[in-house]
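A structural walkthrough
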Amino acid sequence: MLFQRDQRDDLFALSSDEYLQKFNVRCYLNDMVRLLLESRDEKPLEFISEYFLTVAKGTHVTHRAYEYIKATLHNRAAFCMLLRIVFDPKDFQAGLKIEDFAQLVYLLCPDLPYYMFKKVYSVVGPEDDGLPALMQAMGIHVYFAEFLNDLDTALQPADGLVPRELLSDATVTQVTKAKPAPDGDGAVTESAPTPPRDTVHLAFKNAAQRADVSADVSSEHVLLDHILVELYTSAELLQHISHRHPALHASLCKGGGVDGLVGGVVQAHDTMVASGRQRRQKTAK
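One structure accompanies this document, and this report is about it.

About the thresholds
- Residues numbered from 1 in each chain as written.
- Predicted model: local features only at pLDDT ≥ 70, side-chain atom pairs only at ≥ 80, totals over all residues.
- Heavy atoms only, no water.
- Phe/Tyr/Trp six-rings, centres within 6.5 Å; stacked < 30°, edge-to-face > 60°.
- Buried < 20%, exposed > 50% of the residue type's maximum accessible area, 1.4 Å probe, protein only.
- Lys NZ or Arg CZ within 6 Å of the ring centre and 35° of its normal.
- Helix = DSSP H or I, 4+ residues; strand = E, 2+ residues; numbered from the N terminus.
- Contact = heavy atoms within 4.5 Å.
- Salt bridge = Lys/Arg side-chain N within 4 Å of Asp/Glu carboxyl O.
- Axes fitted to C-alpha atoms, helices over the stretch in contact; angles between N-to-C directions.
- Parallel < 35°, antiparallel > 145°, perpendicular 65-115°, else oblique.
- Left-handed = near helix turned anticlockwise from the far one by under 90°.
- Nonpolar A, V, L, I, M, F, W, Y, C, P; charged D, E, K, R; others polar.

The next thing to look at is the packing of aromatic side chains. Going through the model one piece at a time under the given rule, you end up with seven aromatic pairs. Geometrically, the ring pair formed by Tyr 51 and Phe 52 is edge-to-face, given 5.1 Å between the ring centres and 90° between the ring planes. The class for Tyr 51 is buried, based on a relative accessible area of 6%. A relative accessible area of 31% places Phe 52 in the partly exposed class. For the pair Tyr 143 and Phe 144, a centre-to-centre distance of 4.9 Å together with 75° between the ring planes defines the contact as edge-to-face. Linked through ring pairs, Phe 101, Tyr 106, Tyr 114 and Phe 117 together constitute an aromatic cluster. The ring of Phe 23 carries the charged tip of Lys 22 above its face, separated from the ring centre by 5.7 Å.

Following this line, the structure appears as structure tokens:
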């Protein structure tokens, strides 16, 4: 109770602008008003209520632009969780092509940058754990986008090789320290998310061990892809996201309120497959 009281005292110590910024209120209000004006709904109060219910449940990021998904950490976490629960891996064959992988994710976010697919697909690959590993990797890439950019800058890979001396405590500190968020309406107002230091340390250690048994890597280097695959497939990172967003995890990953959403996405996928089959048949004629 004392901890909760201290939290409330901290909130009352914030100015009005700081309070609205802390919880990204303007981002959601602006988006809601824009959607309401686009739809001209006959029952605007019900529209507003439904909008914020979907935000609270985490189903609000389906069929939304990437700019909206990356705008808040709440949005990113919802997208990361949805990627892992919407698609049943039993419905897809092993060895999924990158184009098919992209088409599935586009059902949730139609303009996700294609370079993300190329990066995730080149590192994780479709063979080992198939679709679940690809979806987990994409979710982690979206959630920790700034950290991954900082990691690439800090490690200075040349032809995918990283000097071993850069796998140090100083590098871990550099890439995991809190950074100011970009300013402006619609931008992330929290600090850019970073993984726990121990997780990054472990990724460095495991990548070095992989290099020790690889004939393709000299004793002075490790492969950047080996570091990335450790991060992309990390169960600890998924737990970190879940612990940071417990309400979303309870709503989405424990099966609450997503059945209709899953059905809608699956129906969209089936429609896309049927359309592709019809186009191929017409081309064959």
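On we go.
Looking at the secondary structure, you find Thr 199 in helix α12 (residues 197-212). Not counting the four nearest positions on each side in its chain, Thr 199 is found in contact with Leu 231, Ser 234, Glu 236 and Leu 237.

Glancing now at the pattern of salt bridges. In a structure, side chains of opposite charge can pair up when their charged atoms sit close to one another. Tallying each qualifying case throughout the model produces eight salt bridges. The residue Arg 64 makes a salt bridge to Asp 31 at a minimum N-O spacing of 2.6 Å. Of the two residues, Arg 64 is situated in the loop between α4 (44-57) and α5 (66-69) and Asp 31 in helix α3 (residues 25-39); the sequence distance between them amounts to 33 residues. The burial state of Arg 64 is the same as that of Asp 31; both residues are buried. Taking the shortest distance from any N to any O, the salt bridge between Lys 70 and Glu 67 comes out at 3.3 Å.

Taken N-terminus to C-terminus, the directions of helix α6 (residues 73-86) and helix α14 (residues 235-244) make an angle of 130°; their axes are 10 Å apart at the nearest point. Classed by the angle they form, the pair α6 and α14 counts as oblique. Helix-helix and strand crossings are classified by hand; for α6 and α14 the assignment is left-handed. Between α6, through Leu 73, Ala 77, Cys 80, Met 81 and Arg 84, and α14, the contact on the second element is made entirely by Leu 238, Ile 241, Ser 242 and Arg 244. The class makeup of the residues in the contact of α6 with α14 is six nonpolar, one polar and two charged.

This brings us to helix α10 (residues 145-155). Taken together, the buried positions of α10 are occupied by Ala 145, Phe 147, Leu 148, Leu 151, Ala 154 and Leu 155. Along its buried surface, α10 packs onto α6, α9 (130-143), β1 (161-163), α11 (169-176), α12 and α13 (224-232). Of the residues flanking the end of α10, it is Gln 156, one or two places downstream, whose phi is positive at about 50°.

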